[in-house]
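Read off the chains here:
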Amino acid sequence: MAIADERQRAARTLAQRAHEVGRASGRELWREALQWISRGRLGRQYGLPVVPELGTPWQDTVSGERVGWRQRAANLDGEFAFSVDYQVCHRCGLGWVEQPHTWPQYQRCGLASAGLAALRAEHPGIAWHTLGGHFAESRGFWTVVGAGVSGAYQQRRLCLHVGRG
């Protein structure tokens, strides 16, 4: 069996384990308090949070790109395979995902679908959206993963309770 086939088989197995997630809060309460008190004007200048690396195949950590957001990621043999940033507002019953990315050698192995499904299972009753428009080449993906999903990953602005990051 070719190495590429073995790695894709391993990625499919990893997708089946998307519910086995290591977690690190990574919250910086002082920064969150400063942003809340200043209504977002202060706290951002201290840079983005450091994303911890966990020893688990799937991990849920702070986003390295968006302050206040989370990142769900999959790693295969210590190598990045998939990630997506997400934010949930339980008060409004809304969730957003942004920039799902699967490393090219692992595309079409089910990692993105499994990662998004795990987020939905962990946050029942949430309508899921994205912030940005979908690229032409990704519309098929969004159609498939959004089928039967409340919100269908359609574009929607953030509610007033969460920050853009």
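Residues numbered from 1 in each chain as written. Predicted model: local features only at pLDDT ≥ 70, side-chain atom pairs only at ≥ 80, totals over all residues. Heavy atoms only, no water.

## Examining helix H3 (residues 111-122)
Phase 1: Under the 1.5 Å per step criterion, the end-to-end length of H3 is 16 Å for 12 residues, consistent within 8% with the ideal 16 Å.
Phase 2: Among all positions of H3, only Leu111, Ala112, Ala114, Gly115, Leu116, Ala118 and Leu119 are buried. (Helix = DSSP H or I, 4+ residues; strand = E, 2+ residues; numbered from the N terminus. Expected span 1.5 Å × (residues − 1). Buried < 20%, exposed > 50% of the residue type's maximum accessible area, 1.4 Å probe, protein only.)

## Observations concerning the pairing of strand E2 (residues 58-62)
Phase 1: For E2, a buried count of five out of five residues is recorded, marking the element as mostly surrounded by other parts of the structure.
Phase 2: Where strand E1 (residues 21-23) and E2 come together, three bridges link them in parallel fashion. Its bridge partner lying in E2, Val21 is registered against Trp58.
Phase 3: Strand direction decides the pairing type here: E2 and strand E3 (residues 70-76), joined by five bridges, are antiparallel. Bridged to Asp60 within E3 is Arg72. (Pairing = 2+ DSSP bridges.)

## As for helix H1 (residues 3-16)
Phase 1: Taking 1.5 Å of rise per residue, 14 residues should cover 20 Å, and H1 covers 20 Å from first to last C-alpha, within 8% of that figure.
Phase 2: Taken as a whole, H1 has its buried residues at Ala11, Leu14 and Ala15. Summarising the axial view, the buried residues of H1 lie within an arc of 100°, below the 170-degree limit, and thus occupy one face.
Phase 3: Packed against the buried residues of H1 are E2, E3 and H3. (Arc of directions from axis to C-beta. Contact = heavy atoms within 4.5 Å.)

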